[in-house]
Amino acid sequence: MTGPESEGTQLRRAVCPGSFDPITNGHLDIIARASRLYDVVHVVVMINQSKKGMFTVDERIELIGEVTAEFGNVQVEAYHGLLVDFCKQRDIPAIVKGLRAVSDFDYELQMAQMNNGLSGVETLFIPTSPTYSFLSSSLVKEVAQWGGDISHLVPAVVLEALHERLGQS
């Protein structure tokens, strides 16, 4: 083995969780920034059986893989269960989350404190770029369903997949 692990040092690893239905430029901004801070970033599509997504979990994984391939240090997979269990199973010490507004912080702080209390996993918050501070997957899907222009909000491959899913040309 070569690289940092062979020299006795451990790779710096973090997880970026979400539903990513679909992945947006806002998500991509956070993942890109995390990929510059960590040796390996695990992007985890969290499975919620009670929610029917626009895209299947496998489709989301494929889209995320395509749009993050250029980073070279992003691994994409799905997980059903507690995020801290995912982290413990893979020895990942940090969760990276994007914050769009103060309202996000209230909820995310509670989650961060719970996750740390359960497992010792730390949560790092990255403020979203002002360009994407209003952006959510739900909003993107709603605008797309009404035929609005979302080309500046999602990667091209996601735009194509959305148009195909919605029967738009």
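Here, the structure is the one placed above.
Remember, predicted model here, so these are calculated numbers, not experimental data.

**A short note on a nonpolar patch on the surface**
Item 1. Together, L82, M114 and L118 make up a nonpolar patch on the protein surface, roughly 300 Å² of accessible area in all.
Item 2. Its location among the elements puts L82 in the loop between β3 (74–79) and α3 (83–90).
Item 3. Looking at L82, the relative accessible area reads 49%, which means it is partly exposed.

**A few points about unusual backbone geometry**
Item 1. Residue P22 is reached from D21 by a cis peptide bond, and omega for that bond is 5°.
Item 2. Secondary-structure assignment places P22 in the loop between β1 (13–18) and α1 (25–37).
Item 3. The backbone phi angle of F20 is positive, close to 50°, even though this residue is not glycine.
Item 4. Structurally, F20 is set in the loop between β1 and α1.
Item 5. Here the phi dihedral of D91 falls at roughly 55°; this positive angle occurs in a residue that is not glycine.
Item 6. With respect to the element layout, D91 can be found in the loop between α3 and β4 (94–99).

**Here's the deal with the environment of F134**
Item 1. With respect to the helices, strands and loops of the structure, F134 is situated in the loop between β5 (122–127) and α5 (137–145).
Item 2. Classification of F134 as partly exposed rests on a relative accessible area of 47%.
Item 3. For the pair F134 and G26, spaced 108 residues apart in the sequence, the C-alpha separation amounts to 9.1 Å.

**Quick word on the packing of aromatic side chains**
Item 1. Scanning the entire structure with this criterion turns up two aromatic pairs.
Item 2. Aromatic side chains Y79 and F86 sit 5.3 Å apart centroid to centroid with 70° between the ring planes, which places their arrangement in the edge-to-face category. Like Y79, the residue F86 is buried in the burial classification.
Item 3. With 5.8 Å between their ring centres and 70° between their planes, F105 and F125 make a pair best called edge-to-face. With F105 in helix α4 (residues 102–119) and F125 in strand β5, this pair connects stretches of sequence that are 20 residues apart.
Item 4. Residue class for F105 comes out partly exposed when judged on its relative accessible area of 32%.
Item 5. For F125, a relative accessible area of 26% corresponds to the partly exposed category.

Conventions and cut-offs
Residues numbered from 1 in each chain as written. Predicted model: local features only at pLDDT ≥ 70, side-chain atom pairs only at ≥ 80, totals over all residues. Heavy atoms only, no water. Patch = residues over 30% accessible without salt bridge, like charges linked within 9 Å, V, L, I, M, F, W, Y side chains within 5 Å. Areas by Shrake-Rupley, 256 points an atom, 1.4 Å probe, with all protein chains shown as cover. Salt bridge = Lys/Arg side-chain N within 4 Å of Asp/Glu carboxyl O. Helix = DSSP H or I, 4+ residues; strand = E, 2+ residues; numbered from the N terminus. Buried < 20%, exposed > 50% of the residue type's maximum accessible area, 1.4 Å probe, protein only. Phe/Tyr/Trp six-rings, centres within 6.5 Å; stacked < 30°, edge-to-face > 60°.

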